[in-house]
Amino acid sequence: MKRILVTGGAGFIGSAVVRQLLAETDHSVINLDKLTYAANLASLPGAGTHPRYAFEKVDICDGDALRAVFARHRPDAVMHLAAESHVDRSIDGPGDFIQTNIVGTFRLLEAARGHWAGLPEAERAAFRFHHISTDEVFGTLGADGLFTETTAYSPNSPYSASKASSDHLVRAWHETYGLPVVLTNCSNNYGPYHFPEKLIPLIILKGLAGQPMPVYGAGDNIRDWLYVEDHARALRLVLDKGVIGESYNIGGHNERTNIAVVKTICALLDELAPAGAPHERLITYVTDRPGHDKRYAIDAGKIERELGWRPLETFETGLRKTVAWYLENRSWWQSILDGSYSGERLGLTSGTAP
Ligand code: NAD
């Protein structure tokens, strides 16, 4: 039984990790989250009263607050997911991405290092700092090829550049100070509790509202999709069994063009919410994202060979579960649409002036 500090546990992937840790393990969870627009504690039903759960509303850029959390909870491991995560927002305003993803990761590494250095020998050896990152650090692929763990970093957006920076910091804290780290780089996630600015929930909700479904450019950009619960399982496995200093690519073997994803959602909506059928009539091509990476595809062979991980969901089964979840959990997303985000287009400006 461990005490695991999860940063960003009120976000999309972090909340899946916290839900799994509480439901499927004996570990205690300390959820450290600033509660930005992307956070939602309603994504953690029942956690607030769970005996193995604690919540700390803290900004990872605040070193003093981080040190206090480490002193109070004495975690055995950190799973670092807190980040600004939306590429379009990073185009409109890159500053928050530099602060949270780079400066915040630096502050967290320093707080973790201070805590780790003061641990007794056996606990020092068992401690882990797990950095959760993205395949977008590798840049874009042509028609062929896959990202492996040795692919050179070549990030193209402010978001992916900030995540590449944080990956490098984490690796350096291992090489320089010996902090026991593991890293993972994952493809696009989808599933329940996904903030509706991202493609899949946005298209589902536009479809339910009978509004135009925006598809960037010609819709031919390719992403490799992974169901969020499969990602959370992979993260738990890497934390338990990953080799210190190593990185692991995580992907779903599910390459799809964006337009194919949208059409699959339309077919599911036609079946599960037939009132608006045919939903494909709502597809609307809009101006492409500046610097839009053409194709991402992950070679997840290393985590499969070395740790025995494989996704449980295919894209079809995972997407069906996802559409059904949004149909059954209207209050979760309705409160977001009534508050912090109403489905507007982001990421077309040339950025906020410095
Ligand atoms: P998200 O935007 O849904 O959630 C991010 C969480 O971090 C939110 O709860 C937010 O409040 C918190 N946060 C943001 N800034 C913070 C700060 N300064 N201090 C403390 N908390 C802060 O993101 P997500 O989609 O769940 O992604 C989680 C992690 O996984 C990110 O690091 C992201 O780069 C990575 N990742 C995401 C995907 C994906 O498809 N979503 C794929 C691969 C990797």
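Above this text sits the structure in question.
Here's what I pulled together on the structure shown here. (Residues numbered from 1 in each chain as written. Predicted model: local features only at pLDDT ≥ 70, side-chain atom pairs only at ≥ 80, totals over all residues. Heavy atoms only, no water.)

**Some thoughts on the packing of aromatic side chains**
Moving on, step 1. Tallied over the full model, the rule gives 15 aromatic pairs.
Moving on, step 2. An angle of 90 degrees between the planes, with centres 5.4 Å apart, marks the rings of F138 and Y153 as edge-to-face. In this pair, F138 is assigned in the loop between β5 (128-134) and α6 (158-177) and Y153 in the loop between β5 and α6, connecting sequence segments 15 residues apart.
Moving on, step 3. Residue F138 is classed as buried on the basis of its relative accessible area, which comes to 4%.
Moving on, step 4. Take Y153: its relative accessible area is 25%, and that puts it in the partly exposed class. (Phe/Tyr/Trp six-rings, centres within 6.5 Å; stacked < 30°, edge-to-face > 60°. Helix = DSSP H or I, 4+ residues; strand = E, 2+ residues; numbered from the N terminus. Buried < 20%, exposed > 50% of the residue type's maximum accessible area, 1.4 Å probe, protein only.)

**Considerations on the pairing of strand β6 (residues 181-186)**
Moving on, step 1. Extensive coverage of β6 is indicated by the burial of six of its six residues.
Moving on, step 2. Taking every second residue as pointing to the same face, both faces of β6 are buried, with V181, L183 and N185 on one and V182, T184 and C186 on the other.
Moving on, step 3. In this sheet, β6 lies alongside β5 in parallel orientation, the contact comprising six bridges. When the sheet's bridge partners are listed, H130 is paired in β6 with V182.
Moving on, step 4. Between β5 and its parallel partner β6, the chain crosses via α6, and the hand of that crossover is right-handed. (Pairing = 2+ DSSP bridges. Right-handed = clockwise from strand over helix to strand, strands pointing away.)

**With respect to the pattern of salt bridges**
Moving on, step 1. Applying the stated criterion across every chain, the model contains 18 salt bridges.
Moving on, step 2. For D76, the salt bridge is made with R3, and the minimal N-O distance between the two is 3.8 Å. You can see D76 sitting in the loop between α2 (63-73) and β4 (77-80) and its partner R3 sitting in strand β1 (residues 3-7), a full 73 residues away along the chain.
Moving on, step 3. Between K302 and E246 there is a salt bridge, with the nearest N and O atoms lying 2.5 Å from each other. One end of the pair, K302, is in helix α10 (residues 301-307); the other, E246, is in the loop between α8 (228-241) and β10 (247-250), and 56 residues separate them in sequence. (Salt bridge = Lys/Arg side-chain N within 4 Å of Asp/Glu carboxyl O.)

These values are about where atoms sit, not about what they do.
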